[in-house]
Number of protein chains: 2
Amino acid sequence: MAFVLGDIRELVTNAPTRPDLLGVVSDAAVVVQGGNVEWVGPEEDLPARFRGLRKVDAGGRAVLPGFVDAHTHCVFAGDRADEFARRLRGESYEEILAAGGGIMSTVAATRGATGMELFNAATARLDRMLQGGTTTVEIKSGYGLDIATERRTLEVIRALDERHPVDTVPTFLGAHVVPPEFRDDRDGYVELIEVGMLPVCAPLARYCDVFCDDGAFTVDEARRVLEAGRRYGLKPRLHVEQLGHSGGAALAAEVGAVSADHLDHVTEEEAIRLRDAGTIAVLLPAVALSMRTPQPPGRMLWDLGVPVAIATDCNPGTSYTESMSLVVALAALEMGLTPEEAIWSATRGGALALELPDRGWVVPGAPADLVVLDAPSSVHIPYRPGTNLVGAVLKRGAFVVDRLNLQR
Amino acid sequence: MAFVLGDIRELVTNAPTRPDLLGVVSDAAVVVQGGNVEWVGPEEDLPARFRGLRKVDAGGRAVLPGFVDAHTHCVFAGDRADEFARRLRGESYEEILAAGGGIMSTVAATRGATGMELFNAATARLDRMLQGGTTTVEIKSGYGLDIATERRTLEVIRALDERHPVDTVPTFLGAHVVPPEFRDDRDGYVELIEVGMLPVCAPLARYCDVFCDDGAFTVDEARRVLEAGRRYGLKPRLHVEQLGHSGGAALAAEVGAVSADHLDHVTEEEAIRLRDAGTIAVLLPAVALSMRTPQPPGRMLWDLGVPVAIATDCNPGTSYTESMSLVVALAALEMGLTPEEAIWSATRGGALALELPDRGWVVPGAPADLVVLDAPSSVHIPYRPGTNLVGAVLKRGAFVVDRLNLQR
């Protein structure tokens, strides 16, 4: 099963060598054995013991780690294309809500869907993600907002992990919004999360997330949910500072959240707190595109030393995309990262945001999750937006996408 | 060879019915015969004489006219990824020029390429365009800037038209920039265009275009080139008001140009002149993305009644994309058109900009150039950016892309 992937014009290892953030090796080869990377280096330095292995020729193309998409909501039913069109025609949020739009329409559709329907719809999305080079994806619950549907969503995420080549990381997001049936009893909903949802959902999740923002959950409510999650063994992550400046970033630093996501309205002082807490900033540039809002301050966060991940936020309301290539392009063209920083944030940054330190780079011992671009350099991803340049994808050393017919 | 394409959830005909710009027919069928559309309407109204025909089932998806990409420079050699990366890292234009970047690096590479090399590189681009739903594309010369290479480029465009399913419309753009060897003799270069290039290039072209802008050609030079082109039977189109406000839009109205392209700095008064001259505005939203400049005023032009087309501007310097879906998404999300206006501009608008009145719509007698989206509505194109939703493409009634396996 071992083989050499050779004739790589540019290999992005993400094993950084100053000043080269991406740790690029030119004219490189990678030895893959037992699903893992066994050796990495210039092809001319390939040790003699590997020279008899089967050779797969990358044809002078670029190879990079598979994308790690660290923030998605890609298990849901229905779509909100009508709401999207109304918004772009200038209708107000109130008119859209009156027409049945908004997150509650997705909650209603998801509650009404069977596990199999959710599984099939999400499989199609994971298929597109894989075709686009994503090899690991975080998926949140949060369109159930009742015990049964939150649990069912997490069961679907687990089934996807078992049956689809893309690895999934499950996050419990019962605290996405307060559902209408608890509109006048917010405390009652938080209590339902604590005593009703967490006992049955936590065994299927790795993280507990809260949408802590204007119109969602307050800082105090979020703290309470995250503390309850921790009692069930779930580490915290947080949606913060997207719609307004409500103190969520400070909470993320206070509780040592693994990640703080969105951050459109974060201040420099809060950024420093996040950095000092070891929290990763997960930025979502495709949301700004779809919502026609300013990009989050990626440049400021990067320059202050906060580790940055970028992700799709794949969801039917505010960012319906599966494409990490689009996210990389937007991060470089509209959010102010350099192409290299954007590539790093979409691979290594995503892995760190999911506490998967063996992912998102190409070093001996790492799983061989690799993308072969049909281009000579990873710069082509933002340089050529709108084109899926992913020519082949290896997941744990197996070709799961091979449009280039490299295995012939 | 005749067949019925049926079970179409949403058919965009572009045969407008107020207030429906796109002339949408729900639950529609299209009869295709001899490469052309024979009948269009609600499937339940299908006339008896067509009911025995072979049925191709669109599976409840949306169908729209193939995209007409009315402005590209997609015959070129080399790429400028390094220049792109330098620009995004903050280097100045002067530093980039000093490092060998800018349009002259593409001119040098194109002059050094054989016709076959240019043909092969452009074929790969047309393949990607076709996969993305483009069925007709305008292509300009202009990376030769000498007689032999301008002629060779137009020969390649003709060969592409003969050998590739995508139809090409050839435009002579000898007046793209003044090449360095004429830096001190601009008049000499214009004369070379008039007496050297046009006699050998005009027989291979349909239009004469000039880049009339700051740093390119003046209004007087542009007028002279366009007049010469007209003597050789080429109608005028113009690149104007992209880099500055230099009077090109007024010239376009004055000479009755078929199209005025870019228009970033056009004024309302000039827009009215263009409208009254019957000139189409060809807008290029992917240029603004790649160059990180404001979008052209698409909303203003549309509201003043100027017919709008949107196009990729596919070129290696300022907009290296083949994706009309990305252009539609940007037009709606960043340039201010509604989703419906963006779809119209990418199909019917493009056809009008190329004086191909039988393209860009789905009416009896039109060529059956059709896209089957893997989605129930054309709104999904801007709603789901970064994903190629094109599931099948028919060119003159033949399935040239069929990822959905509709013909099984």
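What you are looking at is a predicted structure, and each value in this text was computed from that prediction instead of being measured. (Residues numbered from 1 in each chain as written. Chains lettered and ligands numbered in written order. Predicted model: local features only at pLDDT ≥ 70, side-chain atom pairs only at ≥ 80, totals over all residues. Heavy atoms only, no water.)

### Some points on the overall build of chain A
Then step 1. Looking only at helices and strands, chain A has 14 helices and 15 strands in total.
Then step 2. For 408 residues, the compact-globule formula gives about 22 Å, and the C-alpha radius of gyration of chain A, at 21 Å, lands near that figure.
Then step 3. Overall size of chain A, expressed as C-alpha extent along the three principal axes, is 70 × 45 × 45 Å.
Then step 4. Within chain A, the proportion of its 408 residues that are buried is 64%.
Then step 5. Taking all contacts inside chain A whose residues are at least 6 apart in sequence as the whole, residues at least 24 apart take part in 69%.
Then step 6. Taken as a whole, chain A presents about 14,000 Å² of accessible surface, with 50% of it coming from carbon and sulfur. (Helix = DSSP H or I, 4+ residues; strand = E, 2+ residues; numbered from the N terminus. Rg over C-alpha atoms; globule rule 2.2 N^0.38 Å. Buried < 20%, exposed > 50% of the residue type's maximum accessible area, 1.4 Å probe, protein only. Contact = heavy atoms within 4.5 Å. Areas by Shrake-Rupley, 256 points an atom, 1.4 Å probe, with all protein chains shown as cover.)

### Examining the interface of chain A and chain B
Then step 1. Taken together, the contact pairs 33 residues of chain A with 32 residues of chain B.
Then step 2. Summing both sides of the interface, chain A and chain B together bury roughly 3,100 Å²; the carbon and sulfur share of this comes to 62%.
Then step 3. Our count for the chain A to chain B interface comes out at two salt bridges.
Then step 4. When the shortest N-O distance is used, the salt bridge between B:E340 and A:R89 registers 2.7 Å.
Then step 5. Between the two partners, chain A and chain B, sit 10 residue pairs in polar contact (both at pLDDT 80 or more).
Then step 6. The set of elements that each furnish at least two residues to the side of chain A that touches chain B consists of α1 (81-88), α10 (285-291), α12 (324-333), α13 (339-353) and α14 (380-383) of chain A. (Buried area = accessible area lost by both parts, 1.4 Å probe. Salt bridge = Lys/Arg side-chain N within 4 Å of Asp/Glu carboxyl O. Polar contact = N/O pair within 3.5 Å; in protein donor to acceptor, adjacent residues only side chain to side chain.)

### Points about the pairing of strand β13 (residues 370-373) of chain A
Looking down a regular strand, the side chains alternate between one sheet face and the other.
Residue and element names in this part refer to chain A.
Then step 1. Residues L370 and V372 point to one face of β13 and V371 and L373 to the other, with burial holding for every one of them.
Then step 2. Two elements, strand β4 (residues 54-65) and β13, share three bridges in a ladder whose sense is antiparallel. Residue pairing for β13: V63 is matched across the bridge by V372.
Then step 3. In this sheet, strand β14 (residues 390-395) lies alongside β13 in antiparallel orientation, the contact comprising four bridges. Paired with V372 across the strands is A392, a residue of β14. (Pairing = 2+ DSSP bridges.)

### Topic: the domain arrangement of chain A
Residues and elements named next belong to chain A.
Then step 1. By the assigned domains, chain A splits into domain 1 (2-65 + 361-402) and domain 2 (67-353).
Then step 2. On a C-alpha basis, the centres of domain 1 and domain 2 stand 30 Å from each other.
Then step 3. The interface of domain 1 with domain 2 comprises 21 residues on the first partner and 22 residues on the second.
Then step 4. Here domain 1 meets domain 2 over a buried area of about 1,900 Å², counting both sides, of which 71% is carbon and sulfur.
Then step 5. It is L21, P382 and K395 in domain 1 that bury the most area against domain 2; as a group they hold 27% of the surface buried on that side.
Then step 6. Note that D167 is salt-bridged to K395, the shortest N-O span being 2.7 Å. (Domains from an automatic or database assignment.)

### Describing the sheet that holds strand β9 (residues 235-240) of chain B
Residue and element names in this part refer to chain B.
Then step 1. Taken together, the eight strands give an open sheet; going across it, the order is β5-β6-β7-β8-β9-β10-β11-β12, and neighbouring strands pair in parallel fashion. Strands at the two margins of the open sheet, each flanked by one partner only, are β5 (67-69) and β12 (308-310). Strand after strand, the sheet turns through a mean of 25° between neighbouring axes, direction not considered.
Then step 2. Pairing analysis gives six bridges linking strand β8 (residues 207-212) to β9, with the strands arranged parallel. (Axes fitted to C-alpha atoms, helices over the stretch in contact; angles between N-to-C directions.)

### Description of the relation of the copies chain A and chain B
Note on the chain copies: they are related by a rotation about an axis and a translation along it.
Then step 1. By a simple turn and slide, chain A fits onto chain B: the slide is 0.0 Å along the axis, the RMSD is 0.0 Å, and the turn is 180°. Taken together, the turn and the small shift mark the pair as related by a two-fold rotation axis. Proximity to the rotation axis, assessed at the C-alpha, singles out A:G386 in chain A; its C-alpha lies 2.9 Å from the axis.
Then step 2. Looking at the interface residues of chain A, 97% of them are also at the interface in chain B, so both copies use one shared face. (Least-squares fit on C-alpha atoms with pLDDT ≥ 70 in both.)

### Brief notes about the pattern of salt bridges
Residues and elements named next belong to chain A.
Then step 1. Counted by the stated rule, this structure contains 52 salt bridges over all chains.
Then step 2. Put simply, D187 and R224 hold a salt bridge, and the shortest N to O gap is 3.4 Å. Of the two residues, D187 is situated in helix α6 (residues 186-201) and R224 in helix α7 (residues 219-231); the sequence distance between them amounts to 37 residues.
Then step 3. On the accessibility criterion, R224 (28% relative accessible area) is partly exposed.
Then step 4. A salt bridge links E194 to R224; the shortest N-O distance between them is 3.0 Å. With E194 in helix α6 and R224 in helix α7, this residue pair connects regions lying 30 residues apart in the sequence.
Then step 5. Shared partners join several salt bridges into a network, and the residues in it are D167, D358, R359, D369 and K395.

### Observations concerning the side chain of B:Q242
All names here are of chain B.
Then step 1. Along the chain, Q242 falls in the loop between β9 and α8 (248-255).
Then step 2. With relative accessibility at 14%, the residue Q242 sits in the buried group.
Then step 3. Within the structure, the side chain of Q242 is placed 3.3 Å from the side chain of H262, a separation counted as a polar contact.
Then step 4. Setting aside residues no more than four positions away along its own chain, Q242 makes contact with F211, D213, H262, D264, H265 and V287.

### Here's the deal with the sheet that holds strand β12 (residues 308-310) of chain A
Remark on secondary structure: sheet strands pair via backbone hydrogen bonds, oriented parallel or antiparallel.
All names here are of chain A.
Then step 1. Here eight strands make up an open sheet; going across it, the order is β5-β6-β7-β8-β9-β10-β11-β12 and the pairing parallel. In the strand order of this sheet, the two ends are held by β5 (67-69) and β12, each with one partner. Each neighbouring strand pair of the sheet contributes to a mean axis angle of 25°, computed without reference to strand direction.
Then step 2. Two strands pair when backbone bridges link them, and strand β6 (residues 134-140) and strand β7 (residues 167-175) are joined in this way by five bridges, in the parallel orientation. Within the sheet, the bridge partner assigned to K140 lies in β7 and is T171.
Then step 3. In the packing of helix α4 (residues 115-131) onto the sheet, contacts are made with β5, β6 and β7, and the angle to β6 comes to roughly 145°.
Then step 4. Packing against the sheet, helix α5 (residues 147-163) makes contact with β6 and β7, and its axis sits at approximately 170° to β7.

### As for a negative patch on the surface
Then step 1. A cluster of acidic side chains, namely A:D7, A:D27, A:E44, A:D45 and A:D57, defines a negative patch on the protein surface.
Then step 2. Tracing the backbone shows A:E44 in the loop between β3 (36-42) and β4. (Patch = residues over 30% accessible without salt bridge, like charges linked within 9 Å, V, L, I, M, F, W, Y side chains within 5 Å. Lys, Arg positive; Asp, Glu negative; His and termini not counted. Charge placed at Lys NZ, Arg CZ, Asp CG, Glu CD.)

### Topic: the state of the cysteines
All names here are of chain B.
Then step 1. Counted under the stated rule, the structure contains zero disulfides over all chains.
Then step 2. Not engaged in a disulfide, the cysteine C74 finds its nearest cysteine sulfur in C314; these two sulfurs lie 5.4 Å apart.
Then step 3. For C314, a relative accessible area of 0% translates into the label buried. (Disulfide = S-S within 2.5 Å.)

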